[in-house]
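# Analysis of the macromolecular model
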Amino acid sequence: MIPFPNGARVWLAAGHTDMRKGFDGLALLVQETLKRDPHSGHLFVFRGRRGGLIEILWHDRQGMCLFAKRLERGRFLWPSPAGVVTISPAQLGYLLEGIDWRMPQYTWRDRGILNRAALLRSDGSRML
């Protein structure tokens, strides 16, 4: 992932966005819909109608950057269409990986640890 500067906030544009928009169209959405400055250095994240594609608009003080990610399977979890939502950069990392950013949890458990723990007696000695 690209390292974003400290203090950069991440804004999710709730609802869906026409993903044919480019730099100028998304920057206009940031100004008119989100009521934010697209040149502020914050990240603005948009999701398409189907939910498998997101675009991130970011101004890095040298120019405007537009990042896109498409999931091969599944959909990006997105807030209900109610304006704008702020998330942390860590939650953005979860979002980009297709993980539920609202409450991340492990989806698997290491069976080796569980099996080794089952072989120990309460006094710490091994059963085998």
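Refer to the structure printed above.
Residues numbered from 1 in each chain as written. Predicted model: local features only at pLDDT ≥ 70, side-chain atom pairs only at ≥ 80, totals over all residues. Heavy atoms only, no water.

### Overview of the overall build of the protein
The helix and strand tally for the protein stands at three helices and five strands. In the protein, the succession of helices and strands from N to C terminus is β-α-β-β-β-β-α-α. Counting across all 128 residues of the protein, residues that qualify as buried make up 31%. Taking contacts inside the protein between residues at least 6 apart in sequence as the whole, the part at least 24 apart equals 55%. (Helix = DSSP H or I, 4+ residues; strand = E, 2+ residues; numbered from the N terminus. Buried < 20%, exposed > 50% of the residue type's maximum accessible area, 1.4 Å probe, protein only. Contact = heavy atoms within 4.5 Å.)

### Re the packing of aromatic side chains
Within this structure, the stated rule accounts for one aromatic pair. The ring of Trp11 carries the charged tip of Arg36 above its face, separated from the ring centre by 4.0 Å. (Phe/Tyr/Trp six-rings, centres within 6.5 Å; stacked < 30°, edge-to-face > 60°. Lys NZ or Arg CZ within 6 Å of the ring centre and 35° of its normal.)

### Description of the nonpolar core
Core analysis: the largest hydrophobic core is formed by 17 residues, its most contacted members being Leu12, Leu43, Val45, Ile54, Leu92 and Leu95. Looking at this core, the elements that each hand over two or more residues are β1 (10-13), β2 (43-47), β3 (53-59) and α2 (89-96). Other than its neighbours up to four places away in sequence, Val45 contacts Val10, Trp11, Leu12, Ala13, Ile54, Glu55, Ile56, Trp78, Leu92 and Leu95. Counting residues in hydrophobic clusters, the runner-up holds nine residues, among them Val30, Phe44, Phe46 and Leu57. (Core = buried A, V, L, I, M, F, W, Y, C linked by side-chain atoms within 4.5 Å.)

### Details of unusual backbone geometry
The phi torsion at Lys35 lies on the positive side, around 60°, for a residue other than glycine. Within the element layout of this structure, Lys35 appears in the loop between α1 (23-32) and β2. In the Ramachandran plot, Arg61 falls in the positive-phi region, its phi being about 75° despite a non-glycine side chain. Residue classification places Arg61 among the exposed positions, given a relative accessible area of 61%.

### Topic: the sheet that holds β1
Within the open sheet, the five strands sit side by side as β4-β3-β2-β1-β5. Their pairing is mixed. The open sheet has two edge strands with one neighbour each: β4 (64-70) and β5 (84-87). Across the sheet, the axes of successive neighbouring strands diverge by a mean angle of 25°, strand direction being ignored. Pairing of β1 with β5 involves four bridges; the strand directions are antiparallel. Bridge pairing in β5 places Ala13 opposite Val84. Here α1 sits on the sheet in contact with β2, β3 and β4, set at roughly 80° to β3. Packed onto the sheet, α2 meets β1, β2, β3, β4 and β5 and runs at close to 145° relative to β3. (Pairing = 2+ DSSP bridges. Axes fitted to C-alpha atoms, helices over the stretch in contact; angles between N-to-C directions.)

### Some words on the environment of Ala13
On the secondary structure map, Ala13 appears in strand β1. Residue classification places Ala13 among the buried positions, given a relative accessible area of 7%. Sequence separation between Ala13 and Pro79 is 66 residues; the distance between their C-alpha atoms is 8.7 Å.

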